Amino acid sequence: MIMPGLFGDLAAPRTHQWKGKDVFVITDSHVRTLYGQQLMRSLAAQDARAWMLHVPAGEHSKNARVAFALQTHLLEKGIRRDSIIVALGGGVVGDLAGYVAATILRGVKYIQVPTTLVAQVDSSVGGKVGIDHPLGKNLIGAFYQPAAVYIDPEVLATLPVEEFRNGLAEVVKIAVALDAKLFDKIESQARRITQQNVPLLTDLIVQAVRLKADVVMADAFDSGVRKMLNLGHTIGHALEAASNFKIKHGAAVAIGLAAESGIAVRMSLLDRRDGDRLIKVLRALRLPTKMPRISSKAKFMSALSIDKKSEGNSAKFVLLKAIGQTSIGVDVPARFIEELL
Ligand SMILES: NC(=O)c1ccc[n+]([C@@H]2O[C@H](COP(=O)([O-])OP(=O)(O)OC[C@H]3O[C@@H](n4cnc5c(N)ncnc54)[C@H](O)[C@@H]3O)[C@@H](O)[C@H]2O)c1
Ligand SMILES: [Zn+2]
C-alpha cells in the first residue's frame with residue numbers, strides 16, 4: 001500500500017491484522033526518535049501488544065552479532081509463530097529485520113514500513129533479506145517475502161538530502177532499464193523531483209515499485225531477467241569496493257549508470273543521444289556522473305573478477321540498448337573498462 005499520510009495511522013485500516021497480536025517493531029536509533037512513538041501509539045490503539053527494539057543507525061548494524069542480539073530479545077519476550085515483526089526504517093533495518101523474521105522460529109510474518117527512498121523503491125520489494133559478512137556485503141540471507149509493505153512518501157521529508165539522492169539513483173535505474181515513459185517523466189520533471197513534490201514522488205514510487213515487482217515476479221530467485229536490475233551496479237559495486245565504501249551506494253550507482261552507458265555507446269550497443277540523455281537526467285537530479293580517481297585499480301578490477309594478467313579478458317555486464325531496454329550477460333572486454341580508469 002502506497003499513500004501519503006498512511007504512516008500517521010498505520011495500523012488503523014487493518015484491525016484484524018493486528019488485533020490481539022504480539023507485534024515486534026524493529027527500527028534504528030534515528031527512525032525510532034522520529035517515528036517510533038507514533039507507530040507504537042497506533043498499534044496500541046488497535047489492541048496489539050507491541051514492543052519496539054532498535055539498533056544503532058547505519059550499515060554496521062547489519063551483521064550476525066546484531067541479528068543474534070535481536071533474536072535473543074525476541075525469544076526472551078516470548079515471540080511466537082503467530083507474532084508479527086515490523087521493519088520500520090531504511091534498507092538496513094528492512095534487510096536485518098527481514099533476515100531475523102525469516103530465521104526466528106523458522107519464519108515469522110513480517111511487514112515492511114520503509115522510510116528511505118532506497119527502501120521504498122528497492123529493498124522493501126523483492127524479498128531479499130540478509131546481513132553482511134566480514135568477507136562481503138549481503139553474503140548471508142534468504143528470499144523471504146513480506147506479508148505487506150506500507151509506504152508513506154511523506155516520511156521522506158525528514159530524510160537527509162544525500163540519502164534522498166541515493167534513492168533517486170535507483171529510481172533512474174529502474175526507469176532507464178525498464179520503462180521509457182517513466183524515464184521521460186523524470187526527465188521533464190527533474191526540478192520538481194529535487195524539490196520533493198509529494199504527489200509527483202508518490203507517482204514515481206508507485207511506478208518504480210510496480211516495475212520492480214513485475215520483474216521480481218518473473219524471476220523470484222534472481223537467475224534471469226531480474227539481473228536487469230543490476231544496471232549501473234557492476235561498475236557501481238566495484239567503485240564502492242575500490243573506495244573502501246567511502247563512495248556511497250547511490251553515488252556509485254549514478255556513476256555506474258553513466259560509465260556503463262559510455263561503454264554501451266563505445267560498443268555500438270547504444271545510441272550516443274540516449275547515453276547523453278541519461279547523463280543529463282542524472283545531473284539534473286544532482287547525482288554524480290564522473291568517474292573519480294581510483295587509488296586501487298587492482299581492487300577495482302578484481303571486484304569485476306577481471307584478471308589483468310590473462311589475455312582476452314572480459315566481464316559480464318547488463319548494458320543499455322535504448323532508454324527502457326537492456327541486454328543482460330554482455331561480455332565487456334577489459335580494455336573498455338581500463339579506458340574508464
Ligand atoms: N534487499 C534488497 O533488495 C536491497 C536493495 C537495495 C539496498 N539494500 C540494502 O539497503 C541498505 C541501504 O538502505 P538505505 O539507503 O535505506 O540506508 P539506511 O537504512 O542506513 O538509512 C539511511 C539513513 O537514513 C536514516 N533514516 C531512515 N529513514 C529516515 C527518515 N524518514 N528520516 C530521516 N532519516 C531516516 C537512517 O537512520 C540511516 O541513518 C544497504 O544495506 C543495502 O544493502 C537491499
Ligand atoms: Zn542499488
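Calculation notes
- Residues numbered from 1 in each chain as written.
- Chains lettered and ligands numbered in written order.
- Predicted model: local features only at pLDDT ≥ 70, side-chain atom pairs only at ≥ 80, totals over all residues.
- Heavy atoms only, no water.
- Pairing = 2+ DSSP bridges.
- Helix = DSSP H or I, 4+ residues; strand = E, 2+ residues; numbered from the N terminus.
- 1 Å grid on protein atoms, 1.4 Å probe; cavity = no way out; pocket = protein on both sides within 12 Å on 5 of 7 lines; lining within 4 Å.
- Points joined across faces, edges and corners; volume = space filled by probe spheres on them.
- Nonpolar A, V, L, I, M, F, W, Y, C, P; charged D, E, K, R; others polar.
- Contact = heavy atoms within 4.5 Å.
- Axes fitted to C-alpha atoms, helices over the stretch in contact; angles between N-to-C directions.
- Near = heavy atom within 4 Å.
- Polar contact = N/O pair within 3.5 Å; in protein donor to acceptor, adjacent residues only side chain to side chain.
- Areas by Shrake-Rupley, 256 points an atom, 1.4 Å probe, with all protein chains shown as cover.
- Donors = N, O, S within 2.8 Å, 3.2 Å for Na, K, Ca; no water.
- Parallel < 35°, antiparallel > 145°, perpendicular 65-115°, else oblique.
- Buried < 20%, exposed > 50% of the residue type's maximum accessible area, 1.4 Å probe, protein only.
- Core = buried A, V, L, I, M, F, W, Y, C linked by side-chain atoms within 4.5 Å.
- Salt bridge = Lys/Arg side-chain N within 4 Å of Asp/Glu carboxyl O.

## Structural notes on the pairing of strand 5 (residues 128–133)
Link 1 in the chain: Here strand 5 pairs with strand 6 (residues 136–143) via 5 bridges, running antiparallel. When the bridges of strand 6 are listed, His133 appears paired with Gly136.
Link 2 in the chain: Hairpin connection, strand 5 to strand 6: the antiparallel pair is bridged by 2 residues.

## Quick notes on empty space enclosed by the protein
Regions of empty space are outlined by a rolling probe, equal in size to a water molecule, passed over the atoms.
Link 1 in the chain: Taken as a whole and assessed by the stated rule, the structure comprises 1 cavity of 30 Å³ or more.
Link 2 in the chain: Within this model, the largest cavity holds a volume of roughly 40 Å³.
Link 3 in the chain: Looking at the lining of the largest cavity element by element, the count peaks at 3 residues for helix 11 (residues 249–266).
Link 4 in the chain: Here the lining of the largest cavity is composed, by residue class, of 4 nonpolar, 2 polar and 1 charged.

## Thoughts on the sheet that holds strand 1 (residues 22–28)
Link 1 in the chain: Reading across the sheet, the 5 strands line up as 2-1-3-4-7 and stay open at both edges, with parallel pairing between neighbours. Each of the sheet's edge strands pairs with one partner strand only, and the pair in question is strand 2 (49–55) and strand 7 (148–149).
Link 2 in the chain: In the packing of helix 4 (residues 91–103) onto the sheet, contacts are made with strand 1, strand 2, strand 3 (84–89) and strand 4 (109–114), and the angle to strand 3 comes to roughly 165 degrees.

## A short note on the site of ligand 1
Link 1 in the chain: Around ligand 1 sit 26 residues, and of these Asp28, Glu59, Thr115, Thr116 and Thr158 come closest.
Link 2 in the chain: Within the side chain of Lys62, a nitrogen or oxygen atom sits 2.8 Å from an oxygen atom of ligand 1.
Link 3 in the chain: The backbone of Lys128 places a nitrogen or oxygen atom 2.8 Å from a nitrogen atom of ligand 1.
Link 4 in the chain: For ligand 1, whose unbound accessible area comes to 870 Å², protein coverage reaches 88%.
Link 5 in the chain: Mapped onto the shell around ligand 1, the elements with two or more residues apiece are helix 2 (29–44), helix 4, helix 5 (117–123) and strand 6.
Link 6 in the chain: With 4 residues, the top contributor of residues to the shell around ligand 1 is helix 2.
Link 7 in the chain: Class assignment of the residues belonging to the shell around ligand 1 gives a composition of 9 nonpolar, 8 polar and 9 charged.

## Considering the coordination of the zinc ion (ligand 2)
Link 1 in the chain: Taken together, the protein donors to the zinc ion (ligand 2) comprise Glu170 (OE), His233 (NE2) and His249 (NE2), at separations of 2.0 to 2.1 Å.
Link 2 in the chain: Written as a sequence motif, the donor residues of the zinc ion (ligand 2) are E-x62-H-x15-H. With Glu170 in helix 6 (residues 161–178) and His249 in helix 11, the pair connects residues that are 79 residues apart, well separated along the chain.

## Quick look at the packing of helix 11 against helix 12 (residues 272–284)
Link 1 in the chain: Running from N to C, helix 11 and helix 12 point in directions that differ by 170 degrees, and their axes come no closer than 9 Å. Between helix 11 and helix 12, the crossing angle belongs to the class labelled roughly antiparallel. Here Ala254, Leu257, Ala258, Ser261 and Val265 of helix 11 lie close against helix 12, whose contacting residues are Arg272, Gly275, Leu278, Ile279 and Leu282.
Link 2 in the chain: Residue composition of the contact of helix 11 with helix 12, by class: 7 nonpolar, 2 polar and 1 charged.

## A few points about the environment of Leu53
Link 1 in the chain: Tracing the sequence through the fold places Leu53 in strand 2.
Link 2 in the chain: Assessed through its relative accessible area of 8%, Leu53 is described here as buried.
Link 3 in the chain: Expressed as a C-alpha distance, the spacing of Leu53 and Ala259, which sit 206 residues apart in the sequence, is 41 Å.
Link 4 in the chain: Residues contacting Leu53, with those up to four places away along its chain left out, are Val25, Ile26, Thr27, Leu70, His73, Leu74 and Lys77.

## Here's the deal with helix 10 (residues 233–242)
Link 1 in the chain: Among the 10 residues in helix 10, 8 count as buried, and that is most of the element.
Link 2 in the chain: Taken together, the buried residues of helix 10 touch strand 6, helix 6, helix 11, helix 13 (297–303), strand 8 (314–322) and helix 14 (334–340).
Link 3 in the chain: Immediately beyond the C-terminal end of helix 10, within one or two residues, lies Asn244, with a positive phi of roughly 50 degrees.

## Quick word on the nonpolar core
Link 1 in the chain: The biggest cluster of nonpolar side chains holds 69 residues, and the ones touching the most others in it are Ile186, Leu285, Phe300, Phe317 and Ile337.
Link 2 in the chain: When residues of this core are assigned to their parent elements, the largest contribution, 10 residues, is made by helix 11.
Link 3 in the chain: Non-local contacts of Phe300, meaning those with residues more than four positions away in its chain, are made with Ile235, Ala238, Leu239, Ala242, Met291, Ile294, Ile337 and Leu341.
Link 4 in the chain: With 23 residues, the next largest nonpolar core counts Val93, Ile104, Val129 and Ile131 among its residues.

## A word on the pattern of salt bridges
Link 1 in the chain: This model, assessed by the stated rule, comprises 14 salt bridges.
Link 2 in the chain: The salt bridge involving Lys62 is made with Glu59; its shortest N-O contact spans 3.8 Å.
Link 3 in the chain: The partner of Arg273 in a salt bridge is Asp271, and the shortest N-O contact between them spans 3.1 Å.
Link 4 in the chain: We classify Arg273 as exposed; its relative accessible area is 62%.
Link 5 in the chain: Through salt bridges with shared partners, a single network forms among Glu59, Lys62, Asp95 and Asp132.

The analysis is restricted to geometry; functional conclusions fall outside its scope.
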